[in-house]
Structure formats: C-alpha cells, structure tokens
Amino acid sequence: MAEFLHVLSTPAGWVGILSLTLLELVLGIDNIVFITLLASRLPRSQQALARTVGLGLAVVTRIALLTGIAWLTRLSQPLFTMFGHAVSIHDLVLIAGGLFLMVKSVRELSRMAADPLGTGTAQVGQVSLASVILQIPLIDIVFSLDSVVTAIGVSGVVPVMVTAVVIAVVIMIVASGPISAFLDTHPPLKLLAAAFLLLVGSNLVGEAFGVGVPSGYLYFTMLFAGIVMLFTVRAARTVRAQYVEQAREDVRREHAAPGDR
C-alpha cells in the first residue's frame with residue numbers, strides 16, 4: 001500500500017496513469033460497442049445495471065491479468081502448429097473470442113433485419129440479466145488481453161497500471177449510458193455497430209494466424225462509415241419531412257373551398 005501511494009504521489013506516476021488510461025480507452029472502443037449492443041437486448045430498467053456490474057467484474061479480471069505478469073509471458077509460447085503457424089494460448093483466446101464475436105454479430109444483424117425499427121416483435125432469442133453480466137467480463141478478457149500486454153510493456157509498474165485500468169473502466173461505465181441512448185435513437189447506427197463487431201471478430205481470428213489488420217485502420221474505417229451514415233440518416237429525415245409537408249399541403253388544397261383556390 002505504501003508503494004502504491006508513493007507511485008501516485010510522483011509526477012511520473014500520474015503521467016504514466018494518464019498515458020495508460022488513454023491507451024485503455026482507445027483500445028476499449030470495440031468493447032464499449034459490444035457491451036452496449038449486448039445490454040440493449042435487456043429491458044431498459046436492467047441495461048444500466050448490466051453494464052455497471054459487468055464492467056465492475058471486468059475490472060477484477062483486468063487487475064488479475066496485470067498482476068499475473070509471469071503468467072502472461074507464457075501465453076505466447078507455442079503449443080502446436082496449424083497451417084504452418086505456431087499456435088499459442090494467446091492465439092487460442094483470440095480465435096475463441098473472435099468466433100464468439102462473429103456469432104453474436106451475425107445474430108444481432110439477423111435480429112435487426114427481422115425487426116429494423118426495434119419494436120421487439122421479432123426476437124432471435126431472449127437473454128437474461130445474469131447471462132449478459134457474465135458475458136461482459138468474459139469478452140473483456142479477449143478485448144483487454146493485448147492492451148494489458150501493451151500496458152506492461154509501456155509501464156510495468158503495477159500501481160500505475162491498476163489505477164489506469166480502474167479509471168478507464170469508470171469512464172467506460174459513464175460513457176456506455178449516453179452511447180446506448182444515442183444508438184437507441186439512431187437504429188441504423190446499431191446495424192453499423194454490429195457490422196463493426198463482425199469485422200473486429202474476423203480480425204481477431206486473423207491476428208491469431210498473423211494476418212490481422214492494425215486496429216487503427218479498423219477504427220478509422222468504421223468512423224468514416226459512421227459519419228457517412230449519420231449524414232445519410234439526416235438526409236433521409238429531411239426528405240421524409242419534405243414529403244410529409246408536401247402531402248399536408250396537397251390535402252389542404254384538396255379540401256379548400258373553390259373560391260379560396
């Protein structure tokens with residue numbers, strides 16, 4: 001505890017915390033999207049609870065990964081060879097997490113295709129609060145594995161890393177609410193978010209075999225697609241409003257007296 005307080009009392013410690021917090025937030029964008037989509041399957045009264053408890057458990061798993069530095073170094077040791085590529089425990093985690101994301105994304109895309117307006121009349125499957133809370137820390141392990149390894153390489157000071165993780169997760173909890181509300185009011189962006197997770201899942205599988213795309217390219221691609229979709233949605237609303245106003249004007253003209261025309 002004394003070492004922890006000593007590190008936090010130095011400028012270098014706070015610079016490290018700020019740097020790692022920003023790193024965790026940037027690398028956690030896909031995690032926030034997944035949590036938001038997963039919690040959106042629950043009733044509104046349970047969504048905030050699921051996000052908060054799930055991310056709270058994710059803090060525990062991340063701290064456990066940070067404190068198990070020696071164990072993390074063994075994750076990259078090859079276990080066997082597949083398709084000419086040495087596969088390690090780290091690769092198996094990426095493959096399992098990537099396939100899980102791909103399956104969840106395809107199911108979400110199917111649900112949105114059957115119920116594009118989100119009326120709830122067409123559901124692929126019902127989910128429970130407990131299952132959502134359990135899935136959040138499990139998939140967080142996949143998302144945070146590389147960021148934890150990077151944090152260890154950048155800092156290596158456990159108090160700094162733990163503080164940065166806690167701050168980042170608190171920010172994620174706070175940000176997940178507005179993001180969820182924003183996606184609820186813009187259903188097309190939910191479709192884009194599910195497609196983004198499908199892309200992330202396939203990239204995780206690719207990374208396991210050494211053919212993954214850098215995350216920066218994925219984030220930029222989806223950011224560009226999101227901006228384009230926002231302008232498309234805005235244009236569609238403008239066109240719809242113009243058609244409604246034109247229809248009202250036509251109705252007024254039809255019911256107007258002959259002398260008023």
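Here the structure is a predicted model, which is why all the values come from computation and not from measurement. Throughout this description, residue numbers start from 1 for each chain and increase along the sequence as written. Thresholds applied to this predicted model are a pLDDT of at least 70 for local features of residues and 80 or more for the giving and counting of side-chain atom pairs; totals over whole chains, interfaces and linings are not thresholded and use all residues. Each side-chain value is derived from all of the structure's non-hydrogen atoms; neither hydrogens nor water enter the calculation.

**Things to note about the side chain of aspartate 91**
Which entries qualify depends on this criterion: Each helix corresponds to a stretch of at least 4 residues labelled H or I by DSSP, and each strand to a stretch of at least 2 residues labelled E; elements are numbered beginning at the N terminus. Accessibility here uses a 1.4 Å probe with only protein chains present; expressed as a share of the type maximum, an area under 20% marks a residue as buried, one over 50% as exposed, and anything in between as partly exposed. Definition of a polar contact: a pair of N or O atoms within 3.5 Å, with one able to donate and the other able to accept a hydrogen when the atoms are protein atoms, and with sequence-neighbouring residues admitted only if both atoms are side-chain atoms. When checking whether two residues touch, look at their non-hydrogen atoms; a contact exists if any pair is within 4.5 Å.
Counting through the fold element by element, aspartate 91 comes out in helix α6 (residues 89–114). Residue classification places aspartate 91 among the buried positions, given a relative accessible area of 9%. In terms of polar contacts, aspartate 91 uses its side chain to reach the backbone amide nitrogen of serine 88, at 3.1 Å. What aspartate 91 contacts, discounting residues up to four positions off in sequence, is His85, Ala86 and Ala208.

**Comments concerning the pattern of salt bridges**
Test applied: We define a salt bridge as a contact between a side-chain nitrogen of Lys or Arg and a carboxyl oxygen of Asp or Glu at a distance within 4 Å.
The full count for this structure, using the stated rule, is three salt bridges. Here glutamate 249 ties to arginine 252 by a salt bridge, and the two come within 2.5 Å at their closest N and O atoms. Of this pair, glutamate 249 and arginine 252 both sit in helix α10 (residues 215–255), three residues apart, which is roughly one turn of the helix. Judged by its relative accessible area of 27%, glutamate 249 is partly exposed. A salt bridge links glutamate 249 to arginine 253; the nearest nitrogen and oxygen atoms lie 3.5 Å apart.

**So, helix α4 (residues 44–67)**
Note the following rule: Working rule for helices: expected span equals 1.5 Å times residues minus one.
If you check α4, its first and last C-alpha atoms are 36 Å apart, about what 24 residues at 1.5 Å a residue would give, namely 34 Å. Restricting attention to buried positions, one finds in α4 the residues Gln47, Ala50, Arg51, Gly54, Leu55, Ala58, Val59, Arg62, Leu65 and Leu66.

**Quick look at a nonpolar patch on the surface**
Condition: Within the patch definition used here, like charges are joined within 9 Å and nonpolar side chains (Val, Leu, Ile, Met, Phe, Trp, Tyr) within 5 Å, considering only residues with over 30% relative accessible area and no salt bridge. Working definition of accessibility: Shrake-Rupley area with a 1.4 Å probe, residue cover restricted to the visible protein chains.
A surface patch of nonpolar side chains, amounting to about 330 Å² of accessible area, comprises Leu79, Phe80, Ile89 and Leu92. Within the residue set of the nonpolar patch, elements represented by two or more residues are β1 (78–82) and α6. With respect to the helices and strands, the residue phenylalanine 80 is situated in strand β1.

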